[in-house]
Amino acid sequence: MAITADGERATALREGRERILSAPRESLPAASLRDALCELYEMELGRLAEEAGIGPGSGFALIAFGGLGRREVLPHSDLDLALVHERRPERDVGELADALWYPLWDSGVGLDHSVRTVDQCLAVAAADVSVGLSLLDARVIAGDADLGALVVDGARRQWRDQIASRFVELVEAAAARRHRAGVIAHRSEPDLKNGAGGLRDAQLVAALGLAHLSDGRPVVPGRMARAHRLVLDARTELHRVSGRPREVLHAEYGDDVGEALGLGDRFDLARALSDASRTIAFTADQAIRGSCAALSSRGLTGLLRRSPVRRPLDDGVVEHAGEVALARAARVADDPWLALRVAAAAARFELPIASSTLGVLAERGVVPTGRWPAEALSDLLVLLGSGEAQIPVHEALDRCGLWERTLPEWSGVRDLPARDRAHIYTVDRHLVQTAVEASRLTTSVARADLLLLSALLHDIGKSRGGDHSEKGAEMVRPICTRMGLGDLDTETLTRIVRHHLLLPSTAARRDPADPATAQDVLDALDGDAVALDVLAALTEADSLATGPTFWTNGRAGAHAALVAACRRALGPRPAAVQAPTVNGSRRHGPPDVVVDLRATGTGTTHEVSLAVPGGGGRSLAVTADVLVAHRLEIVDAEIDLRSPGGIRARMTVSTRFGDPVDPRVLRQDLRRSIDSGLPSPLRAALSRGPTLPIGPPQARSSVLISHRTDAEGVLMEVRSEDRPGLFARVVTAIIDAGARIDWVVVRTRGAAVEDVFALSGPGAVLSTAGEVEALLPRRDPTTPVSARADTL
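These numbers were taken from a predicted model, which means no experiment stands behind them.

Caption draft 1: The arrangement of the overall build of the chain in detail. When its secondary structure is counted, the chain shows 30 helices and 15 strands. Taken along its principal axes, the extent of the C-alpha atoms in the chain is 115 × 70 × 45 Å. The 792 residues of the chain split such that 53% are buried. Residue pairs in contact within the chain that sit at least 24 positions apart in sequence constitute 70% of those at least 6 positions apart. If you sum the accessible surface of the chain, you get close to 34400 Å²; carbon and sulfur atoms cover 51% of it.

Caption draft 2: Focus on the packing of helix α9 (residues 223-242) against helix α11 (residues 266-296). The N-to-C vectors of α9 and α11 enclose an angle of 125 degrees; their axes lie 9 Å apart at closest approach. Put simply, α9 runs oblique to α11. Every pair of crossing elements has a handedness; the one defined by α9 and α11 is left-handed. Between α9, through Arg 223, Met 224, Ala 227, His 228, Leu 230, Val 231 and Ala 234, and α11, the contact on the second element is made entirely by Ala 272, Leu 273, Asp 275, Ala 276, Thr 279, Ile 280 and Thr 283. Residue composition of the contact of α9 with α11, by class: nine nonpolar, three polar and two charged.

Caption draft 3: Quick look at a negative patch on the surface. The grouping of Asp 255, Asp 256, Glu 259, Asp 265 and Asp 268 at the surface amounts to a negative patch. Mapped onto the elements of the fold, Glu 259 is located in helix α10 (residues 251-260). Residue class for Glu 259 comes out exposed when judged on its relative accessible area of 61%.

Caption draft 4: Layout of the sheet that holds strand β7 (residues 323-326). Across the sheet, which stays open at both edges, the three strands sit in the order β5-β6-β7 with antiparallel pairing between neighbours. Sheet topology places β5 (310-314) and β7 at the edges, where each strand pairs with a single neighbour. The average undirected angle you get between the axes of adjacent strands in this sheet is 40 degrees. When β5 meets strand β6 (residues 317-320), the two strands line up antiparallel, connected through four bridges. Each bridged residue has a counterpart across the sheet, and for Asp 314 the counterpart in β6 is Val 317. Against the sheet, helix α13 (residues 338-349) engages β5, β6 and β7, with an angle of about 160 degrees to β7.

Caption draft 5: View of the pairing of strand β1 (residues 60-65). Burial within β1 is extensive, with six of its six residues counted as buried. Neither face of β1 is left uncovered, since the one carrying Phe 60, Leu 62 and Ala 64 and the one carrying Ala 61, Ile 63 and Phe 65 both have all their residues buried. Examined bridge by bridge, β1 and strand β2 (residues 79-85) share six bridges and lie antiparallel to one another. Each bridged residue has a counterpart across the sheet, and for Ala 64 the counterpart in β2 is Leu 81.

Caption draft 6: Inspection of the sheet that holds strand β10 (residues 633-640) at higher detail. The strand order β8-β9-β11-β10-β14-β15-β13-β12 describes an open sheet built from eight strands, whose pairing is antiparallel. With one partner strand each, in any of the chains shown, β8 (594-599) and β12 (702-707) form the two edges of the open sheet. Sheet twist, expressed as the mean angle between neighbouring strand axes with direction ignored, is 20 degrees. Sheet topology note: the strand β14 (residues 740-749)/strand β15 (residues 752-760) ladder contains nine bridges and is antiparallel. Opposite Val 745, over in β15, you have Val 756 as the bridge partner. Running at roughly 25 degrees to strand β11 (residues 647-654), helix α26 (residues 617-629) makes contact with β9 (605-612), β10, β11 and β14 of the sheet. Contacts from helix α30 (residues 766-774) reach β12 and β13 (714-721), with the element oriented near 160 degrees to β12.

Caption draft 7: Up close: the side chain of Thr 236. As for its placement among the helices and strands, Thr 236 is situated in helix α9. At a separation of 2.9 Å, a polar atom in the side chain of Thr 236 contacts the side chain of Arg 34. Residues within four places of Thr 236 in sequence aside, it is in contact with Ala 30, Leu 33, Arg 34, Leu 74 and Pro 75.

Caption draft 8: Inspection of the pattern of salt bridges at higher detail. Under the definition given, this model contains 60 salt bridges. In this structure, Arg 440 and Glu 437 form a salt bridge, with 3.0 Å as the shortest nitrogen-oxygen distance. A salt bridge links Arg 747 to Glu 638; the shortest N-O distance between them is 3.6 Å. Here Glu 638 lies in strand β10 and Arg 747 lies in strand β14, a separation of 109 residues in the sequence. You can call Arg 747 partly exposed: its relative accessible area is 28%. A single salt-bridge network, built from bridges that share partners, covers Arg 223, Asp 275, Arg 278, Glu 395, Asp 398, Arg 399, Glu 404, Arg 414, Asp 415 and Asp 428.

Caption draft 9: Structural view of the environment of Glu 237. Inspection of the secondary structure puts Glu 237 in helix α9. Once the C-alpha coordinates of Glu 237 and Leu 74 are considered, the two residues, 163 residues apart in sequence, prove to be 8.8 Å apart. Separated by 2.8 Å, the side chains of Glu 237 and Arg 240 make a polar contact.

Caption draft 10: Highlighting α30. Thr 768, Ala 769 and Val 772 are the residues of α30 that are buried. Looking straight down α30, one finds its buried side chains confined to an arc of 105 degrees; they lie on one side. Looking at α30, the residues exposed on the side facing more than 90 degrees away from the buried face are Leu 766 and Ala 774. In this structure, the buried residues of α30 make contact with β12, β13 and α29 (726-736).

Caption draft 11: Main features of helix α8 (residues 199-210). With 12 residues, α8 should reach 16 Å at 1.5 Å per residue; the first-to-last C-alpha distance of 17 Å fits that figure. When α8 is considered as a whole, its buried residues turn out to be Leu 199, Asp 201, Ala 202, Gln 203, Leu 204, Val 205, Ala 207 and Leu 208.

Caption draft 12: Representation of unusual backbone geometry in the model. A positive phi angle is found at His 212, which is not glycine, with a value near 65 degrees. Mapped onto the secondary structure, His 212 falls in the loop between α8 and α9. One non-glycine residue with positive phi stands out, namely Asp 415, at about 60 degrees. Here Asp 415 is to be found in the loop between α17 (402-406) and α18 (427-439). We classify Asp 415 as buried; its relative accessible area is 2%.

Caption draft 13: Seen up close, the pairing of β10. The pairing of β10 with β11 spans seven bridges and is classified as antiparallel. Bridge pairing in β11 links Asp 636 to Thr 652. Pairing between β10 and β14: five bridges, direction antiparallel. Residue pairing across strands places Glu 638 opposite Val 745, the latter belonging to β14.

Calculation rules
Residues numbered from 1 in each chain as written. Predicted model: local features only at pLDDT ≥ 70, side-chain atom pairs only at ≥ 80, totals over all residues. Heavy atoms only, no water. Helix = DSSP H or I, 4+ residues; strand = E, 2+ residues; numbered from the N terminus. Buried < 20%, exposed > 50% of the residue type's maximum accessible area, 1.4 Å probe, protein only. Contact = heavy atoms within 4.5 Å. Areas by Shrake-Rupley, 256 points an atom, 1.4 Å probe, with all protein chains shown as cover. Axes fitted to C-alpha atoms, helices over the stretch in contact; angles between N-to-C directions. Parallel < 35°, antiparallel > 145°, perpendicular 65-115°, else oblique. Left-handed = near helix turned anticlockwise from the far one by under 90°. Nonpolar A, V, L, I, M, F, W, Y, C, P; charged D, E, K, R; others polar. Patch = residues over 30% accessible without salt bridge, like charges linked within 9 Å, V, L, I, M, F, W, Y side chains within 5 Å. Salt bridge = Lys/Arg side-chain N within 4 Å of Asp/Glu carboxyl O. Lys, Arg positive; Asp, Glu negative; His and termini not counted. Charge placed at Lys NZ, Arg CZ, Asp CG, Glu CD. Pairing = 2+ DSSP bridges. Polar contact = N/O pair within 3.5 Å; in protein donor to acceptor, adjacent residues only side chain to side chain. Arc of directions from axis to C-beta. Expected span 1.5 Å × (residues − 1).

Rendered as structure tokens:
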């Protein structure tokens, strides 16, 4: 039988492809395989076009887009080809197209083809954003180069001209694609092409760069290119080992693909893909946000737009154009805790961190060493207590290497896939999600700081070999010491991490009604009431962060019964606060307002000794207002208002940024305000309030009442997220209810306050708690949680 030229091309294409695909992997690794296929297709398509009469000046051009256009041909991908012509008669075009397509069909290569004029190509690209995207990769394979250039260059020019009007559609299409395909980093069977962090996201970054909206460069140079290469190689090997054009990496191919890439088994492959896809997704998110800002500065809108507002947020940290950035005077090379302050500000005010800021911190920032100052631990707690707002902040720090500088032990759990199928996240993401869930429970425990830290660290021992709880407990002890926790807190946190599975395992296997069950739990915890209190909340947060169906009504009920039995066996909850004794006497001169303000280590935190003669609760409210008006936030305080009268206080206050008020001015303002009320400048300063809204509270505020042991009356414990002026409002509400304040202990742990008021007099009753609780910050139940890019 005679073989026609068309048959020769089909045979050559089929045999060439089979030869390449059957070559040993050692001689043709993934990238070389793609190059070999690309060269084969380009050579055979060129010959086929030449035999069909498609040459220079012919009025026809063969254009490739998709994988062949990008020179990323995969073993079983379709060829995306377009035959472009100069309005030729339909019969001539049909004959020529048949001469092209039939040999390709006969070869067995998948084909997606079209025949159009230049205008038709551009019209389709203008009407469909996905076609517009695909044409950005177009290349002329054969035929009239000038005619092909009209399509290739025209499509790119059209993309740039129309991007402003198509940007919303582009972003919505990307979001819909990610929603359908899921997040590669967290899927046990990820979609390498369409998932968040997949190849489509990499193409999106390139498309925004082509539109001159973003440079698409990651904060760490070269990281995006390596991530893209790994995902592309994985999809190439997936095609090769499965023999099909697959996009989803099913578990059955994981080991083979991992071995082909030299990474190990499917768990090692999953970890590498998680890291790569997170880099791609983060770069895509940054490119989208940068493009949005670039578009808003274009045209008439850009001309009419005011200069971006620059507001101080913290020491060395400002808000600029809707992003958290570094202040001009920020000491990047001298301040190892600057990255944590940036992170805390971003989470507290729900703002993204500017790419330039991340780059500067990554390149010039100092690696923290030694014991943390109290302000650094407070910033970490602010971050961990910010709920959903912390997720993009964690991701930004981790993608730039800043998070590992803060917590070097994080490298052991980063992108670590969970072996238990009940987990929907990798281990590091699970820890962050546990902190998110724990942030909603901070006011239900006596130590919000230990709850948040245990949420972040409870699985830190995974991947280290042996029992991860025991290993985690060994690792947590030096971490606590480094973070500046005291010995008792270190022991409690270590105990919590070691036994973080104690309550769920006991509740599932034993009878909570049996007194021996509760006693065994308490014995394991060495009778540590704080550990039991925190562990009860951590168990709930850990379960909720595992998966949507893990914390069932049955589990929650058994857990509650066990915790209640343990608390009955243990006695009262840990809430004892000792009455402070503050000596505010002045050694010389008549009784007067005394203010002693001294800077502590970092310059923004100050120790204040305060003595205000006479007055009482009203004077305390006025004093709190004066401090707020002078931008002094109370961090910790012990305030004594008992006999011989007046206010005697030791406080730690923070200015956040800038220098504090002169103590002499503060003393004068206190004296005038207590005698005659707040002066008008201070009232004006109070009425202005914060310059930026703080994110909504995550935890439900609460007020607890218990009997005093030092005198008649009640203790009122106020647990809430902090807000400017909150302390003054609480004091005023207590006084208005007719109660007398004898002493106060203020503790601020991150963004949460735990204030204890010792009350006496007729207003020291339960109803006062209700009046105080009514003015505490709370989340509006009708306000939905804002959607966020979740690519961690």
